[in-house]
Amino acid sequence: MNRKIKTWAYAILLLNIIVAGIGIAKLLFDVFTGSTDSFMDFFNSIQYGRKPYTVGVIYPPLINLIYAIFGMGIPDSVKAQGTLAYRTSLQGTVALVLFYVMAVLLYIIAWKDDSRFTNKEKLFLTTATFFTLPFIYAVERGNSLLWCVPLTMLFVNNYNKKEKSKRILAIVALALAASMKMYPAFFGILLVREKKWKEALTAVVVGAITMFAPFLLMEKGNRSPLLWLSNIAKTSEMFQSTGYGYKVNLSNTIGFIESQFGIHITGTNFLIIAVLLINSLLVLIKKNMHQWKCIALLALITILVPGFSYTYTIMFMLIPFFCFLGSEHDQKWDCYYLILFMLMFVLLPIKNQFGGLETINMDAVYPLGWTTIVESVALLLMEVSIVIEELPLKNREK
């Protein structure tokens, strides 16, 4: 990585820490004055215990069991007052803090053996991560991606290590991540790319166990994977009708382009399948493609392909970003890709840091804002640019 590009990246991230600090201060003020729905992904989830699927929950069973453990300490007197009472109770606050502490520990573990950066760089990048827009949004919601992303990062940093113990740790980390949000399972393609057939098979087996075994621990009526999948289908349809705000998946981007410009783009489902297939095949076939691009294409699958992906899913792009910064090879498009990464992570100085200046679809539950537009365009440009660069079969000079 060109030293000048790296310096610019660190400078922008440092400036973002200052800007984001102001946004966090406002968020805390809103929470303590009781005027927001903050942290309710966490508190809405811990209320269901081991019976989430009969009330329409879409999360895999493992993370629901974890949420159930966090909810065990909530007194019945608090539960009787509703989920908002969870947030204001001492027990609820302690549970949320422990949830965040565990997320920080997972990031520390994920960074521990990364030899691409000095200890000072790792400390700075870890701190900078906590002030990026998608991370703040995940914190604001109390979303399980705060655990899922560092586990995926732990896999990426260790799946190719010489030590067998670290490779096993990587497989377990990926299985846990995929059992929280499912889509990190696509990162297992890296094992196939490296022809690590034994590790790939082990990952499938461990992943199947961590995904489906927790169903056995659910209460009666909540042990059916089919009920869970039915909830996902219903929720995807429901969220597609709530407006274009806060969502950065491909179908949402196409939808707001159609709405804004009055055009009809045919073949949305085809484009989504194309992203899935092209990205996967490029990672498998293009052996001379730089690692950060491989990981970026897989991260883009986790964001662009689902029926709905909220802003916090951009956290997955932190993984290829760190690989990009740690790359030993200079490329002529490094500056361009750095700009795209920064547009995804930096809080833009416009109204409403989390949604932007609402301009489109104002009557919707989630109106579309400028921040969401910028992030969506940056993701789409990243996808198109890498594919165009790497699709030709002839070798390129790096």
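Structure's up top.
Being a predicted model, the structure only gives us computed values, none of them experimental. (Residues numbered from 1 in each chain as written. Predicted model: local features only at pLDDT ≥ 70, side-chain atom pairs only at ≥ 80, totals over all residues. Heavy atoms only, no water.)

**Student:** Before we go on, may I ask you to explain a nonpolar patch on the surface in this structure?
**Tutor:** There is a patch of nonpolar side chains on the surface, built from V97, V101, M102, V104, L105 and I108 and spanning about 460 Å² of accessible area. Considering the arrangement of structural elements, one finds L105 in helix α6 (residues 90-111). We classify L105 as partly exposed; its relative accessible area is 42%. (Patch = residues over 30% accessible without salt bridge, like charges linked within 9 Å, V, L, I, M, F, W, Y side chains within 5 Å. Areas by Shrake-Rupley, 256 points an atom, 1.4 Å probe, with all protein chains shown as cover. Salt bridge = Lys/Arg side-chain N within 4 Å of Asp/Glu carboxyl O. Helix = DSSP H or I, 4+ residues; strand = E, 2+ residues; numbered from the N terminus. Buried < 20%, exposed > 50% of the residue type's maximum accessible area, 1.4 Å probe, protein only.)

**Student:** Looking at this structure, I do not really get the packing of helix α9 (residues 145-158) against helix α10 (residues 164-181). What am I missing?
**Tutor:** If you want to describe how two helices pack, look at the angle between their axes and the distance between the axes. Following both chains from N to C, one finds α9 and α10 inclined at 150°, their axes separated by 8 Å at the closest point. Classified by the angle between their axes, α9 and α10 sit roughly antiparallel to one another. In the packing of α9 onto α10, the handedness of the crossing is left-handed. Where α9 approaches α10, its residues L145, W147, C148, L151, T152, L154, F155 and N158 are matched on the opposing element by K166, R167, L169, A170, I171, A173, L174, L176, A177, M180 and K181. Across the contact of α9 with α10, the residue classes tally to 14 nonpolar, two polar and three charged. (Axes fitted to C-alpha atoms, helices over the stretch in contact; angles between N-to-C directions. Parallel < 35°, antiparallel > 145°, perpendicular 65-115°, else oblique. Left-handed = near helix turned anticlockwise from the far one by under 90°. Contact = heavy atoms within 4.5 Å. Nonpolar A, V, L, I, M, F, W, Y, C, P; charged D, E, K, R; others polar.)

**Student:** Help me understand the nonpolar core in this model?
**Tutor:** Soluble globular proteins tend to pack their nonpolar side chains together in the buried interior. In terms of nonpolar packing, the biggest core is built from 112 residues, with F187, L190, M317, F321, F341 and M382 touching the most fellow members. Element by element, the count of residues in this core is highest for helix α16 (residues 291-304), at 11 residues. Those residues in contact with F321 that sit more than four places away from it in its chain are L13, L338, F341, M342 and F345. Listed in part, the seven residues of the second largest apolar core include L65, M218, W228 and I232. (Core = buried A, V, L, I, M, F, W, Y, C linked by side-chain atoms within 4.5 Å.)

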